[in-house]
Amino acid sequence: MKKTPVFLDSLVTDMLRLRAICPFSWRVFQFRPISCEPLIIQMNKCTDEEQIFDFIERNKAILSEKQVGCAFDMLWKLQKQKTSLLKNVEDVRDHPQFLTLHNLATNKFKLMNDDTLVNVLHITQQFDIKLLSEFSSCLADQRLYFSPLMGKIADIVHRNLETTQDLSSLSVLMVNISSLISRHFQQQLVNKTELLFDTIDSSEVNVATRITRFLRNIKYCYQPLLEKCNNVFLSNVDQLDLDSISKILRLYKFLQFNSFEFIMMAKKKLTEMIPLCNHPASFVKLFVTLGPIAGPEEKKQLKSTLLLMSEDLTGEQALAVLRAMEDMESRNSHLIKRVTSVLHKHLDSYKPLELLKITQALTFLHFQRKEFSAKLRELLLSYLKISFKPTEVSFLVYAISLLPSPHLDEVGISRIEAVLPQCDLNNLSSFATSVLRWIQCDHMYLDSITGKQLKLLQKLDHYGRQRLQHSNSLDLLWEELKYVRGNTFPESLLEETIATLQHFVDEINYINVVEIASFISNTDYLSTLLLDRIASVAVQQIEKIHPFTILAIILPFSTLNYDPPQRDEFFGTCVQHLNSYLGILDPLMLVYLGFSLATLQYFPEDLLKSIFNIEFLSRLDSQLESIGVMNGAQQQIYKMLAEVLGGINCVKASVLTPYYHTVDFECILDKRKKPLPYGSHNTALGQLPEMPWEPNTEIVGSRLPPGAERIALEFLDSKSFCRNIPHMKGKFAMKKRHLEILGYRVIQISQFEWNSMALSTKDARMDYLRERIFGEVKS
């Protein structure tokens, strides 16, 4: 095969790069010779390449961009008619007059249309993947991801994917065409990448990063590829700087991919950079990247340094810091005050999505400042009045619902109604969440506003049902559902959604089973039909399911406290599939897996040995800490228990047990069923209604007097049960079993019972508590 002349390698690339800085208006104001059309007519009469090149040689001084483009179009048309396309294209490239045509194209390319440029690409490069990747990067630099030209490139890649062997160039193309390709083509690219991955050098960090970006772009957490990329990153720690670590962690966060080893490596390397970053731009990037994974000392150092730089922050940097503080769950009042001061100065310059992020972060950090909130609300409303995109309207409305006095006027409600026919299930769910929040908060506007909000809820329900009924396959339905947060899905829509999923139950397979299981876990909706199908797919197709996704498959059974018919076979198959990976699992994932199986009373020996192992425990760098906070109903019960039992010193709140379960309330009765006081160390009620409850977390377990019994009273709110039926969820059932093993008599008080009409008065509730504790009813 003859080698392509060197000057051709850069032709199309140079064309695109020059075109990037040329005003597109040049295509409109074009100056052509009067004889333009007759020349094209003459050219169209040419029957072979020699005639075209002869015509070009004779008219090269007067040819316009349209005529040069026509020459390429004609050449490519002739080549497609030949049996040996590759050989004929090479002959065209080697023709003595091709250099003339090349020079004319270089001078006139800025006026050519996309189709002609594709033909130029065909003739000059013949699908050379390296040059094609550079060509796509030129378009990407101009943000032409959705241009017809990028579509042509995607088509070329698709037609030549089977013979492609250069993963480095392919990874560039994958990122650039990812916005245009079908789900089937996405999967083909993933499969091809997996096949070619072992052909690249283990030091190819950039290739691994691009592959991870591609998976992010198509929203596909494909574990096998991510693990391979992760191994490349871990093997090339010395090559990773702040920018690359930051980029990788952001990609991992989006894909919800956990790598304990990478986080530990990143934490160590980033911590060493703290004294080296002395400029606001670099330090903010370090704060944002290291903050969420840093230890207490590192966090303290980051915050103190940032406080010194806070006055020099730009609006963009202040927003980045605020979002990092949200991730860190840091409520440092001095730093929040400094950052919000910068935000306030730049508030007018933020885009709608940025305003949503500000609102969410400040809500989470419990920041309240009347002037700031008023300005934020004013900006959100102004954007809402001119917005027409359903997604933008939905997040603007959601942001407004998070602010004090979240109600909307008629203009706001009409804006929602205008976009409803175009909304997907994610938008509709977001609107419903916002409307429900208004109804709960807007008591002072009850008469004038709530009626309209209820009508809006009915419309949301109507359009949601309509979209669900129009779904004709699980794949299409899932395209909308995968962005929906199941725990915020409106009740009526949730029932219809589960019914639709049940209709497509036979379409659940090894490809989508993990996503479906995760969705069900978040809904708290018990559908035995769906769970039985998930269990069946896992048993029958376990070899096609990645071991690291087993936890997601088991989770809905644990959360909803459900045993499928083939219980032992299902759990056994899942655990067996995971056994050889126990040593490399993320520590927290391993503990959570053990916890999930324990709620189902399934205790695999190999898993327990892996957890209760000195080497593993040394890897378990941190553990979750739970802080009990009393809600209104618990405070009410606490006061009544004190009355029923004869004094505040006869009841304990938030007691920490030897199993590290926190009991809402504890009391002790002697053998004559008389309450025993705890002594002077017991926490007094104090100013309970006005202040957050601070739990008394003394470890219990001391011996009781003969015949005495220890009683645990647990208040179960709606989150303790499945959403569709009063079936207790797994972890609350397990907690009851554990407390009984410790010797407690467990009294569980459900929210539904406590708030029922039968217990609507204080006397009725007092009698109820006496009956549950002492077994007697006061007449």
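Rules behind the numbers
- Residues numbered from 1 in each chain as written.
- Predicted model: local features only at pLDDT ≥ 70, side-chain atom pairs only at ≥ 80, totals over all residues.
- Heavy atoms only, no water.
- Core = buried A, V, L, I, M, F, W, Y, C linked by side-chain atoms within 4.5 Å.
- Buried < 20%, exposed > 50% of the residue type's maximum accessible area, 1.4 Å probe, protein only.
- Contact = heavy atoms within 4.5 Å.
- Axes fitted to C-alpha atoms, helices over the stretch in contact; angles between N-to-C directions.
- Helix = DSSP H or I, 4+ residues; strand = E, 2+ residues; numbered from the N terminus.
- Parallel < 35°, antiparallel > 145°, perpendicular 65-115°, else oblique.
- Left-handed = near helix turned anticlockwise from the far one by under 90°.
- Nonpolar A, V, L, I, M, F, W, Y, C, P; charged D, E, K, R; others polar.
- Phe/Tyr/Trp six-rings, centres within 6.5 Å; stacked < 30°, edge-to-face > 60°.
- Pairing = 2+ DSSP bridges.
- Expected span 1.5 Å × (residues − 1).
- Salt bridge = Lys/Arg side-chain N within 4 Å of Asp/Glu carboxyl O.
- pLDDT = per-residue confidence, 0-100.

In this section: the nonpolar core. Ranked by size, the top nonpolar core spans 113 residues in total, and within it Leu-189, Phe-287 and Ile-358 carry the most contacts. Excluding anything up to four places from it in sequence, Leu-189 contacts Val-157, Leu-161, Leu-170, Met-174, Ile-177, Ile-181 and Phe-214. Among the nonpolar cores identified, the runner-up in size contains 58 residues, and Leu-494, Leu-501, Leu-526 and Met-589 belong to it.

Here we take up the packing of helix α27 (residues 474-481) against helix α29 (residues 513-523). Closest axis-to-axis distance for the α27/α29 pair is 12 Å, and the angle between their directions is 50 degrees. Between α27 and α29, the interaxial angle falls into the category oblique. Crossing hand, α27 versus α29: left-handed. Taken together, the residues of α29 that come into contact with α27 (itself represented by Leu-474, Trp-478 and Leu-481) are Glu-515, Ile-516 and Phe-519. Here the contact of α27 with α29 is composed, by residue class, of five nonpolar, no polar and one charged.

Counted under the stated rule, the structure contains 14 aromatic pairs. Ring geometry for Tyr-592 and Phe-595: centres 6.3 Å apart, planes at 25 degrees, overall stacked. Placement of the pair is Tyr-592 and Phe-595 together in helix α33 (residues 587-599), with a separation of three residues, close to one helical turn. The class of Tyr-592 is partly exposed, set by a relative accessible area of 40%.

Another point: the packing of helix α9 (residues 129-141) against helix α11 (residues 167-177). At a minimum axis separation of 8 Å, α9 and α11 run at an interaxial angle of 30 degrees. Between α9 and α11, the angle is such that the two are roughly parallel. Crossing geometry of α9 relative to α11 is assigned as left-handed. In this structure, α9 contributes Ile-129, Lys-130, Leu-132, Ser-133, Ser-136, Ser-137 and Ala-140 to the contact, and α11 contributes Ser-169, Leu-170, Val-172, Leu-173 and Asn-176.

Okay, the side chain of Asn-176 next. Mapped onto the fold, Asn-176 is located in helix α11. Judged by its relative accessible area of 8%, Asn-176 is buried. Apart from the residues lying within four places of it in its own chain, the contact partners of Asn-176 are Ser-133, Ser-136, Ser-137, Ala-140, Tyr-145 and Met-150.

Relative to the elements of secondary structure, Leu-501 occurs in helix α28 (residues 491-503). Sequence spacing of Leu-501 and Trp-478 is 23 residues, and the spatial spacing of their C-alpha atoms is 9.2 Å. Residues within four places of Leu-501 in sequence aside, it is in contact with Leu-474, Leu-477, Leu-481, Ile-516, Phe-519 and Leu-530.

This paragraph deals with unusual backbone geometry. The backbone phi angle of Glu-329 is positive, close to 55 degrees, even though this residue is not glycine. Looking at the secondary structure, you find Glu-329 in the loop between α19 (315-328) and α20 (333-346). One non-glycine residue, Asn-561, lies in the positive phi region at around 60 degrees. Mapped onto the elements of the fold, Asn-561 is located in the loop between α31 (550-559) and α32 (567-578).

Below, the discussion takes up the sheet that holds strand β1 (residues 652-656). Sheets are built from strands that pair by backbone hydrogen bonding, the pairs being arranged parallel or antiparallel. Ordered in space as β1-β2-β3-β4, the four strands form an open sheet in which the pairing is mixed. Only two strands of the sheet have a single partner each, and these edge strands are β1 and β4 (744-750). Taken over all neighbouring pairs, the strand axes of this sheet differ in orientation by 40 degrees on average, direction set aside. Lying over the sheet, helix α37 (residues 730-741) contacts β2 (662-669), β3 (709-716) and β4, oriented at roughly 155 degrees with respect to β4. Relative to the sheet, helix α39 (residues 762-774) contacts β2, β3 and β4, its axis offset from that of β4 by approximately 155 degrees.

Quick look at α9 now. With 13 residues, α9 extends 18 Å from end C-alpha to end C-alpha; this agrees with the ideal 18 Å at 1.5 Å per step. Considered for burial, the residues of α9 that qualify are Ile-129, Leu-131, Leu-132, Ser-133, Phe-135, Ser-136, Cys-138, Leu-139 and Ala-140. Backbone geometry just downstream of α9 places Arg-143 in the positive-phi region, at approximately 60 degrees.

Turning to the pattern of salt bridges, a few remarks are in order. Two side chains of opposite charge can pair, provided their charged atoms sit close to one another. Enumeration over the complete set of coordinates arrives at 24 salt bridges. The residue Glu-272 makes a salt bridge to Lys-268 at a minimum N-O spacing of 3.1 Å. For Lys-268, a relative accessible area of 56% gives the class exposed. Residue Asp-568 is joined to Arg-567 by a salt bridge in which the shortest nitrogen-to-oxygen separation is 2.9 Å. Bridged by salt links that share partners, the residues Arg-183, Glu-479 and Lys-482 form one connected network.

This paragraph deals with the confidence of the model for the chain. Mean pLDDT over the chain: 81, with 83% of residues reaching 70 or higher. Low pLDDT, under 50, characterises residues 1-9; the predicted model gives this stretch 15 contacts beyond four residues in sequence or across chains. Across residues 680-701 the pLDDT falls below 50, and counting only partners more than four positions away or on other chains, this stretch makes 48 contacts in the model.

For helix α17 (residues 280-290), the complete set of buried residues consists of Pro-280, Phe-283, Val-284, Leu-286, Phe-287, Thr-289 and Leu-290. Residues of α17 that are buried sit in contact with α15 (242-255), α16 (260-271), α18 (296-309), α19 and α20.

A word on the environment of Pro-404. Position of Pro-404 relative to the elements: it lies in the loop between α23 (390-402) and α24 (410-419). For the pair Pro-404 and Thr-363, spaced 41 residues apart in sequence, the C-alpha to C-alpha distance is 10.0 Å.

Let us look at the pairing of β2. Burial within β2 is extensive, with seven of its eight residues counted as buried. Bridge count between β1 and β2: four bridges; the pairing is antiparallel. Along β2, the bridge assignment pairs Val-655 with Val-663. With antiparallel pairing between neighbouring strands as the criterion, β1 and β2 make up a hairpin whose turn holds five residues, including Tyr-660 at a positive phi of roughly 60 degrees. Sheet topology note: the β2/β3 ladder contains five bridges and is antiparallel. Paired with Leu-669 across the bridge in β3 is Glu-709.

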